[in-house]
Protein chains: 2
Amino acid sequence: MQIQWNELTEAQQAAALARPAQSNNPQLSEQVSDIIDRIRTNGDAALLDYTARFDGVNLATVKLSTEAKATALAQLGTDVKAAIDIAYRNIKAFHTAQMPKDVTLETQPGVLCELKHVALDAVGLYIPGGSAPLPSTVLMLGTTAQVAGCLRKVLVSPPNAQQSLAPEIIYAATLCGIDEIYLCGGAQAIAALALGTESIAKVDKIFGPGNSYVTEAKQQVALLAGGPAIDMPAGPSEVLVLADKDADADFVASDLLSQAEHGKDSQAILVTESQALAAAVELAVADQLARLSRQEIAAHAMQYARYIVCDDITQAIQVSNLYAPEHLIVQVTDTDTALAQLKYAGSIFVGPYSPESAGDYASGTNHVLPTYGYSRNYSSLGLLDFMRRFTVQTLSKAGLQDLGPAIMHLAEAEGLDAHKNAVAIRLAKLNAGTRDA
Amino acid sequence: MQIQWNELTEAQQAAALARPAQSNNPQLSEQVSDIIDRIRTNGDAALLDYTARFDGVNLATVKLSTEAKATALAQLGTDVKAAIDIAYRNIKAFHTAQMPKDVTLETQPGVLCELKHVALDAVGLYIPGGSAPLPSTVLMLGTTAQVAGCLRKVLVSPPNAQQSLAPEIIYAATLCGIDEIYLCGGAQAIAALALGTESIAKVDKIFGPGNSYVTEAKQQVALLAGGPAIDMPAGPSEVLVLADKDADADFVASDLLSQAEHGKDSQAILVTESQALAAAVELAVADQLARLSRQEIAAHAMQYARYIVCDDITQAIQVSNLYAPEHLIVQVTDTDTALAQLKYAGSIFVGPYSPESAGDYASGTNHVLPTYGYSRNYSSLGLLDFMRRFTVQTLSKAGLQDLGPAIMHLAEAEGLDAHKNAVAIRLAKLNAGTRDA
């Protein structure tokens, strides 16, 4: 659908950029809550039962066996193995470069403040099942956990008919040093990661994409008192391509379609200054679409694609900022000016030779990104998400003697006597010279 | 209550470290959801109505007036002003030192990956009302937002009878460059920050402590599709003091009581190798407690205080790691060894001259910390919480030519044709030499 931005009222403009409504489904919420309760009560038995029921696979144990692992690895093709190696190397390099530095600062003489970073102990990585394996998601989560130094990296994924996982998944997991792999999926897998079962010790944080059950389960366990943290809110994937009149229509079309083939609810938006380009892209989309294996899904999503024509690139940039896309593809001549004005995106792809699929797979950036306008509020996944920060402070005698009066005045202002007293008692002993530590 | 750790069964040990159960209150949840709905529908009118009803103050407008601000500032005492200045200076210095560095890395020739950090645009800072003002919380949130460079810093707090806020709050806010102050509190203030009203434009993330209504409202708005982010899960405040036989019993007692006076559900735990110290601390607590203004609250909390006696410091450290406290006070002779083994805490206070109140107010560290064992999963509040990260990637022609085949193999493995096609189309044009961008 071609849209002339300036011909729309403000309300129509907002509607043109609206995401699909997220339905609040009380039935889903109740089902998931029941699943969580059953995992809490019955542990592995419930997990195996759900796997039989929902995945149609009868397992004796939930852990992937060494034999199944070896069998799968022997089946891996050479080309895909080499491709996984390259992607792993780049993702590892970029996330290693994100290693934070501890901070040590004497804020005033004798008052030493430190900020320390450590890896989370145990992380759970959810990898969806389905018709095709997703080794790229294993790499995005597993490599980052490995670089952070997490002690336990726990991968869960629904089993295939061979009571195993795809060779690509297992190989990627091996590269990332993941030695705990469990054959389970859905809300039951999230519940097992959050609460623990006989086989699966609970984790501190849960990462990864999934269907509506998985998403709902992540939200529910994150709200449990003492429950795990989760990565970020989920929403349908989306791309916004910002293109000027000189952009290549075939390239733009291929990027829109990359997004569209993810799912029927995927959002694909072109924003351009050029009506001619918009028309050319529409034609190119029709042409490329006809040859896609996931044509039905992509065609469905493209029904809702928007081709927004603006007065100029400045206005087009404003539209992108209003939308705050997950993936932002910038195919304009003056990229520097555009980048300086573009405010929100999970990840930006610059220039004609940076298709979204580069970042989805192998450039080194993470493909777990905030959707649904959340690039205004949340960060794209990175090394820090697998770490935690805490502070340390050490005051010397002189440090407390200098700072103490200010602390006492503030404690007094807040009516907190005991806070004041904790300083007063120390200063009194120091002044009396009775202590010498 | 003195507890000999080794005399307990594992279950009793777990019970000794249990936090108070967080009750799931469906009535609270429904009340808060109604308040959010009314703010959504009626905006300022609903906000003013709730303020009249819950805070007993009839306001004409929700924004703090310039006159009220000036009047309050004129009332501020010199001592407390100077104390706020010192705390502000230290907090600012420590959080400025946390400024992250952008990352730029060529992961392979022609594949440039960048990680960029920018401040969140608009942050909401909730400051509770009540009998005493909390300027320290204004400083912890406001200074950090200011250092990050947030464009809008929005402070909300319930009004006093003078249709204003305490001078300490207003002065701290002024230091932090906060120029949007609104007189509202409770769930209605959180709803206003999340959804916006005629007077208050909505924000991207909401920070700050509050009662059960505020906490519930923060959880609910964070779950709205496209809703704001929130800082971290809330729970009752807590301290664990790790002390050896040479620790000063008066100091330890004063730190336990600092925690206890926060609220009736505050948790205060001593873990020591020395029964004699535990006994001395119990006596010192009784002595100091008798002279506190918030004696009733502190006494209530101290009924549930635990004095845990271990075989040695190594075991005491294990107990601290099991508990994962918000505040961890280390009063042992060999601090280096202890710090190397202590795994979890929101903030650690090292040595006899580092009382909790130093970090609560003025050392420079942030006092917004993970409670309820969340120091395993979450970070103490810092500069990064007021910023967001996104990635940028730029592939050159040669970069895509080198990396392209790996991307295509991975896309093929995942059954995503259009992803493969986005690369193939570009490589075909490059190889044909028909494009030269």
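From a predicted model like this one, the values you see are computed outputs, not experimental measurements.

Novice: Even after reading the chapter, I still don't get the overall build of chain A, so can you show me in this structure?
Specialist: The helix and strand tally for chain A stands at 16 helices and 14 strands. In terms of its C-alpha atoms, chain A occupies a principal-axis envelope of roughly 90 × 60 × 45 Å. Summed over all atoms, the accessible surface of chain A reaches about 15,800 Å², with 51% contributed by carbon and sulfur. Looking at chain A, you have 30 positive and 47 negative side-chain charges, and the mean spots of the two groups are 10 Å apart.

Novice: Can you walk me through the interface of chain B and chain A in this structure?
Specialist: Size of an interface, as often reported, equals the accessible area lost when the parts are brought together. Taken residue by residue, the interface counts 123 residues in chain B and 122 residues in chain A. Regarding the contact of chain B and chain A, the summed buried area is about 10,700 Å², with carbon and sulfur atoms giving 58% of it. It is Tyr353, Arg389 and Arg426 of chain B that lose the most area in chain B upon contact with chain A, and together they represent 8% of the buried surface on that side. Here Lys429 of chain B and Asp248 of chain A are joined by a salt bridge, their closest N and O atoms 2.8 Å apart. Across the contact surface, chain B and chain A share 74 residue pairs in polar contact (both at pLDDT 80 or more). For the side of chain B that touches chain A, a count of residues per class yields 60 nonpolar, 37 polar and 26 charged.

Novice: Looking at this model, I keep getting lost on the environment of Ala87 of chain A. Mind explaining?
Specialist: Within the fold, Ala87 of chain A resides in helix H4 (residues 78–96). Residues Ala87 of chain A and Asp360 of chain A, 273 residues apart in the sequence, show an inter-C-alpha distance of 9.9 Å. Leave out the neighbours within four places in its chain, and Ala87 of chain A touches Leu139, Tyr361 and Ala362 of chain A together with Leu410 of chain B.

Novice: Looking at this structure, I do not really get the UniProt feature "binding site: substrate" (unreviewed entry) in chain A. What am I missing?
Specialist: All names here are of chain A. Per the UniProt record, "binding site: substrate" (unreviewed entry) is annotated on Ser237, Gln259, His262, His327, Asp360, Glu414 and His419. The annotated residues occupy 183 residues of the chain and do not converge on a single region, their most distant C-alpha atoms lying 55.9 Å apart. Relative to the helices and strands, His327 is located in strand S12 (residues 327–331). Classification of His327 by relative accessible area gives buried; the value is 2%.

Novice: Sorry, what's going on with the packing of aromatic side chains here?
Specialist: Think of a pair of aromatic rings as described by two things: how far the centres are apart, and how the planes are tilted against each other in angle. Residue and element names in this part refer to chain A. As enumerated under the stated definition, the model contains 10 aromatic pairs over all chains in all. Pairing Tyr374 with Tyr378 gives two aromatic rings, centres 5.2 Å apart and planes at 90 degrees, and the pair type is edge-to-face. Three or more aromatic residues link up through ring pairs in this structure, and these residues are Tyr372, Tyr374 and Tyr378. Its end group placed over the ring of Tyr50, Arg38 keeps NZ or CZ at 4.9 Å from the ring centre.

Novice: Looking at this structure, I do not really get the relation of the copies chain B and chain A. What am I missing?
Specialist: The relation between the two copies of this chain is a rotation about an axis and a shift parallel to it. It takes a turn of 180 degrees to lay chain B on chain A, together with a shift of 0.0 Å along the axis; the resulting RMSD is 0.0 Å. Given the turn and translation reported, the copies of this chain are related as if by a two-fold rotation axis. Measuring from the rotation axis to each C-alpha of chain B, the shortest distance belongs to Pro100 of chain B, at 4.0 Å.

Novice: Got a minute to help me understand the sheet that holds strand S1 (residues 2–4) of chain B in this structure?
Specialist: Each strand in a sheet pairs with another by means of backbone hydrogen bonds, the pair being arranged parallel or else antiparallel. Spatially, nine strands are ordered S2(A)-S3(A)-S14(A)-S13(B)-S12(B)-S9(B)-S10(B)-S11(B)-S1(B) in an open sheet, and the strand pairing comes out mixed. In this open sheet, the two edge strands, each paired with only one partner strand, are strand S2 (103–108) of chain A together with S1 of chain B. Along the sheet, successive strands turn relative to each other by an average axial angle of 20 degrees, direction set aside. Here five bridges tie strand S9 (residues 238–243) of chain B to strand S12 (residues 327–331) of chain B, and the two strands are oriented parallel to one another.

Novice: Help me understand the pairing of strand S6 (residues 180–183) of chain A, please; the structure alone is not making it clear to me.
Specialist: Along any regular strand, the residues point their side chains to alternate faces of the sheet. Residue and element names in this part refer to chain A. Where burial is concerned, the two faces of S6 agree: the one with Glu180 and Tyr182 and the one with Ile181 and Leu183 are both buried. The pairing of strand S5 (residues 152–157) with S6 spans four bridges and is parallel. Bridge pairing in S6 links Ser157 to Leu183.

Novice: It is not clear to me how the UniProt feature "binding site: NAD(+)" (unreviewed entry) in chain A should be interpreted in this structure. Could you clarify?
Specialist: All names here are of chain A. As annotated in UniProt, the feature "binding site: NAD(+)" (unreviewed entry) corresponds to Tyr126, Gln188 and Asn211 in the numbering used here. The largest pairwise C-alpha distance within this set of annotated residues, which runs over 86 residues, is 12.5 Å, so the set is compact in three dimensions. Topologically, Tyr126 is positioned in strand S4 (residues 122–126). Exposure remark for Tyr126: the relative accessible area of 4% places this residue in the buried category. A polar side-chain atom of Tyr126 sits 2.7 Å from the main-chain amide nitrogen of Gly186. Of note, Asn211 is situated in the loop between strand S7 (205–207) and helix H8 (212–223).

Novice: Looking at this structure, how should I read helix H6 (residues 167–175) of chain B?
Specialist: Note on helix geometry: an α-helix contains 3.6 residues per turn, so any two residues three or four positions apart are oriented the same way. Residue and element names in this part refer to chain B. With seven of nine residues buried, H6 lies mostly within the body of the structure. Where H6 is concerned, the buried positions are Pro167, Glu168, Ile169, Ile170, Tyr171, Ala172 and Ala173. Following H6 by one or two positions, Gly177 has its phi on the positive side, about 70 degrees.

Novice: What am I meant to see in helix H8 (residues 212–223) of chain B here?
Specialist: Residues and elements named next belong to chain B. Here H8 is 12 residues long and its end C-alpha atoms lie 17 Å apart, about the 16 Å a rise of 1.5 Å per residue gives. Along H8, the positions that sit buried rather than exposed are Val214, Glu216, Ala217, Lys218, Gln220, Val221 and Ala222. Of the surrounding elements, those touching the buried residues of H8 are helix H2 (26–55), strand S4 (122–126), helix H7 (186–195), strand S7 (205–207) and strand S8 (229–230). Where H8 starts, the residue carrying a side-chain oxygen 3.0 Å from the main-chain nitrogen of Tyr213 turns out to be Asn211.

Novice: Where do I start with the state of the cysteines in this structure?
Specialist: One covalent bond between the sulfur atoms of two cysteine residues makes up a disulfide. In this structure the tally under the stated criterion is zero disulfides over all chains. Cys176 of chain A supplies the cysteine sulfur nearest to Cys150 of chain A, a cysteine that is in no disulfide, at a spacing of 12 Å.

Novice: Explanation requested: the side chain of Thr144 of chain A in the structure shown.
Specialist: Mapped onto the secondary structure, Thr144 of chain A falls in helix H5 (residues 135–148). When neighbours within four sequence positions are excluded, Thr144 of chain A is seen to be in contact with His95, Leu139, Asn366, Gly382, Leu383 and Phe386 of chain A.

Novice: Teacher, can you tell me more about the sheet that holds S8 of chain B here?
Specialist: Residues and elements named next belong to chain B. The parallel open sheet is built from five strands, whose spatial order is S6-S5-S4-S7-S8. Strands with a single pairing partner mark the edges of an open sheet, and in this sheet they are strand S6 (180–183) and S8. Across the face of the sheet, helix H5 (residues 135–148) comes into contact with S4, strand S5 (152–157) and S7 while running at roughly 170 degrees to S4. Where H7 meets the sheet, it contacts S4, S5 and S7, and its direction lies at approximately 175 degrees from that of S4.

Novice: Could you clarify how one ought to interpret the pattern of salt bridges in this entry?
Specialist: When charged atoms on two side chains of opposite charge get close, those side chains can pair. Counted under the stated rule, the structure contains 32 salt bridges over all chains. Close ionic contact of Arg426 of chain B with Asp255 of chain A constitutes a salt bridge, the shortest N to O distance being 2.7 Å. Taken together, the residues Arg426 of chain B in helix H16 (residues 417–432) and Asp255 of chain A in helix H9 (residues 249–260) connect one chain to another. The partner of Asp385 of chain A in a salt bridge is Arg389 of chain B, with the nearest N and O atoms 2.9 Å apart. Taken together, the residues Asp385 of chain A in the loop between helix H14 (356–361) and strand S14 (387–395) and Arg389 of chain B in strand S14 (residues 387–395) connect one chain to another. No difference in accessibility class separates Asp385 of chain A from Arg389 of chain B, as the two residues are buried. In this structure, a network of salt bridges that share partners links the residues Arg38, Asp49 and Arg53 of chain A.

Novice: What am I meant to see in the pairing of S2 of chain A here?
Specialist: All names here are of chain A. With five bridges joining them, S2 and strand S3 (residues 111–119) adopt antiparallel strand pairing. Bridging across to S3, Glu106 finds its partner in Leu112. Between S2 and S3, which pair antiparallel and follow one another directly, the connecting turn spans two residues, one of which, Gly110, has a positive phi of 85 degrees.

Novice: How do you make sense of unusual backbone geometry when you look at a structure like this?
Specialist: Only a minority of non-glycine residues have a phi that is not negative, and only a minority of peptide bonds are not trans. All names here are of chain A. Unusually for a residue other than glycine, Ala324 sits at a positive phi of about 55 degrees. Residue position: Ala324 is located in the loop between helix H12 (313–323) and S12. When its relative accessible area of 0% is taken as the criterion, Ala324 is described as buried.

Analysis parameters
Residues numbered from 1 in each chain as written. Chains lettered and ligands numbered in written order. Predicted model: local features only at pLDDT ≥ 70, side-chain atom pairs only at ≥ 80, totals over all residues. Heavy atoms only, no water. Helix = DSSP H or I, 4+ residues; strand = E, 2+ residues; numbered from the N terminus. Areas by Shrake-Rupley, 256 points an atom, 1.4 Å probe, with all protein chains shown as cover. Lys, Arg positive; Asp, Glu negative; His and termini not counted. Charge placed at Lys NZ, Arg CZ, Asp CG, Glu CD. Contact = heavy atoms within 4.5 Å. Buried area = accessible area lost by both parts, 1.4 Å probe. Salt bridge = Lys/Arg side-chain N within 4 Å of Asp/Glu carboxyl O. Polar contact = N/O pair within 3.5 Å; in protein donor to acceptor, adjacent residues only side chain to side chain. Nonpolar A, V, L, I, M, F, W, Y, C, P; charged D, E, K, R; others polar. UniProt positions renumbered as here; feature names shortened; annotations may be inferred. Buried < 20%, exposed > 50% of the residue type's maximum accessible area, 1.4 Å probe, protein only. Phe/Tyr/Trp six-rings, centres within 6.5 Å; stacked < 30°, edge-to-face > 60°. Lys NZ or Arg CZ within 6 Å of the ring centre and 35° of its normal. Least-squares fit on C-alpha atoms with pLDDT ≥ 70 in both. Pairing = 2+ DSSP bridges. Axes fitted to C-alpha atoms, helices over the stretch in contact; angles between N-to-C directions. Expected span 1.5 Å × (residues − 1). Disulfide = S-S within 2.5 Å.

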